[in-house]
Amino acid sequence: MELYEVILYLNNGLLLICAALGLIKYKYFKNTEKWYVYYIIFLFLIEAIVKISLYLLNIKDMGFIFPFYVAGELLLLGVLFIRKFQLSYYWYIPLVLLAGGVFIDIPNVTGDVKKVISNIVVICLAGYALLMEIKNSKINDRFMLADSFIFLYYGLSVFLFFLLRQLSDLGKTEAEMIWSMNNLLCSFLYLSIIYTFLRLKK
């Protein structure tokens with residue numbers, strides 16, 4: 001089995017563990033922290049829909065799910081960080097507009113570009129969260145590890161997107177190797193969330 005597929009299956013297994021742990025430990029989460037669980041459950045449902053569509057319904061074109069994935073991911077992480085640091089409710093306005101813009105056809109703006117814009121917003125929010133957690137010792141930082149890997153994962157995804165755009169003549173094997181790096185960091189993101197969930201106490 002190719003390395004790309006191995007890492008992909010590893011990701012799916014870790015995501016399943018994340019979702020199960022989130023539900024099992026749900027009572028230990030504070031209200032704002034529950035958005036980490038919603039985020040993981042959403043990712044799990046997206047993966048489940050993709051797998052069912054591909055292997056049971058034999059649907060080969062999964063483009064229809066992409067806007068829902070990008071918009072949902074942006075909304076959940078956006079609401080998570082806005083609520084976590086009690087930012088103004090006005091921040092919800094650009095967040096909702098950006099998420100809604102994913103479903104609008106804009107000339108010369110592909111789905112990949114929309115995904116990159118979404119990732120950059122997440123990077124900014126996660127970076128702000130890390131700065132606040134480091135700066136203010138009074139802030140409960142029990143999700144600091146997870147926030148760090150969210151920042152790293154989405155940052156690397158943006159970097160790899162621009163790298164692949166510059167290296168457009170890459171073959172399938174080389175492209176899969178590059179995306180394996182992205183999937184590997186995604187595995188570390190899930191591991192950090194699993195570790196965080198396991199350590200949670202009331």
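Summarised in this report is the structure supplied together with it. (Residues numbered from 1 in each chain as written. Predicted model: local features only at pLDDT ≥ 70, side-chain atom pairs only at ≥ 80, totals over all residues. Heavy atoms only, no water.)

Turning our attention to the environment of V116. Note on placement: V116 falls in helix α5 (residues 111-135). Given a relative accessible area of 8%, V116 falls into the buried group. Separated by 84 residues in sequence, V116 and L200 place their C-alpha atoms 32 Å apart. What V116 contacts, discounting residues up to four positions off in sequence, is V158, F161 and F162. (Helix = DSSP H or I, 4+ residues; strand = E, 2+ residues; numbered from the N terminus. Buried < 20%, exposed > 50% of the residue type's maximum accessible area, 1.4 Å probe, protein only. Contact = heavy atoms within 4.5 Å.)

You will see that N58, though not glycine, has its phi angle at about 55 degrees, which is positive. Along the chain, N58 falls in the loop between α2 (34-55) and α3 (66-84). Phi angles above zero are rare outside glycine, and Q86 is one such case at about 50 degrees. Mapped onto the fold, Q86 is located in the loop between α3 and α4 (92-101).

The subject of this paragraph is the nonpolar core. Grouped together as the largest cluster of nonpolar side chains are 56 residues, with contacts concentrated most on I150, Y190 and F197. Within the residue set of this core, elements represented by two or more residues are α1 (3-24), α2, α3, α4, α5, α6 (144-166) and α7 (172-199). The element best represented in this core is α3, accounting for 10 residues. Once you skip the residues sitting within four places of it in the chain, F197 turns out to touch C18, L21, G22, K25, F29, Y36, V37 and F143. (Core = buried A, V, L, I, M, F, W, Y, C linked by side-chain atoms within 4.5 Å.)

A few words now on the pattern of salt bridges. Tallied over the full model, the rule gives five salt bridges. Here K84 and D147 are joined by a salt bridge, their closest N and O atoms 2.6 Å apart. Residue K84 is located in helix α3, and its partner D147 is located in helix α6; the two are separated by 63 residues in the primary sequence. No difference in accessibility class separates K84 from D147, as the two residues are buried. (Salt bridge = Lys/Arg side-chain N within 4 Å of Asp/Glu carboxyl O.)

Before going further, it helps to spend a moment on the packing of aromatic side chains. Summed over the entire model, instances satisfying the criterion amount to 11 aromatic pairs. Taken together, a centroid distance of 4.1 Å and an interplanar angle of 15 degrees make the contact between Y36 and F143 stacked. Here Y36, found in helix α2, pairs with F143, found in the loop between α5 and α6; they are 107 residues apart in sequence, far enough to count as distant. Of the residues examined, Y36 reaches a relative accessible area of 2% and is grouped as buried. Assessed through its relative accessible area of 2%, F143 is described here as buried. (Phe/Tyr/Trp six-rings, centres within 6.5 Å; stacked < 30°, edge-to-face > 60°.)

Moving on, we get to the layout of surface pockets. Of the volumes computed, that of the largest pocket is approximately 1,200 Å³. Taken together, 37 residues make up the lining of the largest pocket; nearest its centre are Y4, L8, E47, Y69 and N183. (1 Å grid on protein atoms, 1.4 Å probe; cavity = no way out; pocket = protein on both sides within 12 Å on 5 of 7 lines; lining within 4 Å. Points joined across faces, edges and corners; volume = space filled by probe spheres on them.)

Before going further, it helps to spend a moment on the state of the cysteines. A complete count under the given rule lists zero disulfides for this structure. Looking at C186, it has no disulfide partner, and the nearest cysteine sulfur is the one in C18, 9.0 Å off. (Disulfide = S-S within 2.5 Å.)

It is worth spelling out the environment of L163 at this point. With respect to the secondary-structure elements, L163 resides in helix α6. We classify L163 as partly exposed; its relative accessible area is 29%. Through-space distance from the C-alpha of L163 to that of K84 is 33 Å; in sequence the pair is 79 residues apart.

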